[in-house]
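An overview of the molecular structure
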Amino acid sequence: MTLLGPSLAVSAILFALGVFGVLLRRNAIVILMCVELMLNAVNLTFVALAEARCVAGQIFVFFVMAVAAAEAAVGLAIILATYRHRQTVDLRYINLLKG
Amino acid sequence: MIDATRLLFGGFAGLAIVSATACVTRRNPVASALWLVVTLFSLAALFVLLDAQFLAVLQVLVYAGAIMVLFLFVIMLLNLGRGGPTDLKGPIGLGLGVLLAGLLLVQLLALRQPGSLPALGPAAGAVVAPRAAAGVGIIPALARPLFTAYLVPFELTSLLLLAAIVGAVVLAKRKL
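Heads up: these notes are all about the structure in this document. (Residues numbered from 1 in each chain as written. Chains lettered and ligands numbered in written order. Predicted model: local features only at pLDDT ≥ 70, side-chain atom pairs only at ≥ 80, totals over all residues.)

Topic: the overall build of chain A
- Per the secondary structure count, chain A includes three helices and zero strands.
- Computed over the C-alpha atoms, the radius of gyration of chain A is 17 Å, more than 25% above the 13 Å expected from 2.2 N^0.38 for a compact globule of 99 residues.
- With 99 residues in all, chain A has 57% of them scored as buried.
- Across chain A, contacts joining residues at least 24 apart in sequence account for 48% of those joining residues at least 6 apart. (Helix = DSSP H or I, 4+ residues; strand = E, 2+ residues; numbered from the N terminus. Rg over C-alpha atoms; globule rule 2.2 N^0.38 Å. Buried ≥ 20, exposed ≤ 12 C-beta atoms within 10 Å, placed from the backbone. Contact = placed C-beta atoms within 7 Å.)

Now the structure itself:
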């Protein structure tokens, strides 16, 4: 009995939770964490399919991890720079582009 | 017939889902980050059960070790730890979030119907053997394709990381 089906189900649930967090929260840092959660759900899909089909899927997880690390570093730097200007990370008050 | 692997898988999958839910719904950003660490550790355990031991180690080192420490460091630098006014959206945002995320979940779960997965194989020309046929350890099985078929993406990753380092320093520094 393979673990592919349950893995894909867990991955789908985690991804949906990440989307829910992005839609629900207003704290920019928590939204960034929810994006990390979504990336991890995708990693689980890659690993499950790598186990079921061929090992190449695991190599993509490397690339996803590298992109996630770069994204976290740059994203947090942007949040820091925004905080210096506005003294908040609440997305309600970061609305310069709002008409 | 439930063997140990499936039992462990179920346990860690449940832990991952519960802690991810807590991460999404906790008001305090520090609590949220710590619940996310629990999720990442559970995912590392799932990786071990899925025969990806090296990625499990990387998951603990890179995600739970480095990225989450960065998040916690920024949360504490900005002094967001104390519970301020809630940052959850109101009932309209909540309803919309539940609706859209639920819709996405239904669609993603529909994708795993039997027969919907195409017969995936290695890309044409890729020297990727299935694990069982490779007859080598975990690291060589990953390293060989990484440095042959996927060499160009690997080198591009180093460029991406360099750009991210420079970008993060430029953005976060007060005065250059």
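A look at the packing of helix α1 (residues 4–24) of chain A against helix α4 (residues 91–110) of chain B
- Relative to each other, α1(A) and α4(B) sit at 160°, their axes nearing to 9 Å. With respect to α4(B), the axis of α1(A) lies roughly antiparallel. The hand of the α1(A)/α4(B) crossing is right-handed. The segment α1(A) lies against α4(B), with A:Ala9, A:Ala12, A:Ile13, A:Phe15, A:Ala16, A:Val19, A:Phe20, A:Leu23 and A:Leu24 engaging B:Gly93, B:Leu94, B:Leu96, B:Gly97, B:Leu100, B:Ala101, B:Leu104, B:Leu105, B:Leu108 and B:Leu109. (Axes fitted to C-alpha atoms, helices over the stretch in contact; angles between N-to-C directions. Parallel < 35°, antiparallel > 145°, perpendicular 65-115°, else oblique. Left-handed = near helix turned anticlockwise from the far one by under 90°.)

Here's the deal with the nonpolar core
- With 72 residues, the main nonpolar core has A:Leu14, A:Ile29, A:Met33, A:Leu37, A:Val47, B:Leu46 and B:Phe47 as its most contacted residues.
- Going through the elements one at a time, α1, α2 (28–52) and α3 (56–86) of chain A together with α1 (4–25), α2 (29–49), α3 (53–77) and α7 (151–172) of chain B are the ones with two or more residues in this core.
- Here the element with the most residues in this core is α2(A); it accounts for 16 residues.
- Looking at this core, you find at least three residues from each of domain 1 (1–82) and domain 2 (135–176) of chain B.
- When sequence neighbours within four positions are dropped, the list of residues in contact with B:Leu46 reads A:Leu44, B:Phe9, B:Phe12, B:Ala13 and B:Ala16. (Core = buried A, V, L, I, M, F, W, Y, C linked by C-beta atoms within 7 Å. Domains from an automatic or database assignment.)

With respect to unusual backbone geometry
- One non-glycine residue, A:Gln87, adopts positive backbone phi at about 60°.
- Along the polypeptide, A:Gln87 turns up in the segment after α3.

Details of the packing of α3(A) against α7(B)
- The geometry of α3(A) relative to α7(B) is characterised by a closest axis approach of 8 Å and an angle of 10° between their N-to-C directions. Considering their axes alone, α3(A) and α7(B) lie roughly parallel with respect to each other. In this structure, α3(A) uses A:Phe63, A:Ala66, A:Val67, A:Ala70, A:Ala73, A:Val74, A:Ala77, A:Ile78, A:Leu80 and A:Ala81 to contact α7(B), whose residues at the interface are B:Pro153, B:Thr157, B:Leu160, B:Leu161, B:Ala164, B:Gly167, B:Ala168, B:Leu171 and B:Ala172.
- Here the contact of α3(A) with α7(B) is composed, by residue class, of 17 nonpolar, two polar and no charged. (Nonpolar A, V, L, I, M, F, W, Y, C, P; charged D, E, K, R; others polar.)

Remember that the coordinates give geometry; whether it matters functionally is a separate question.
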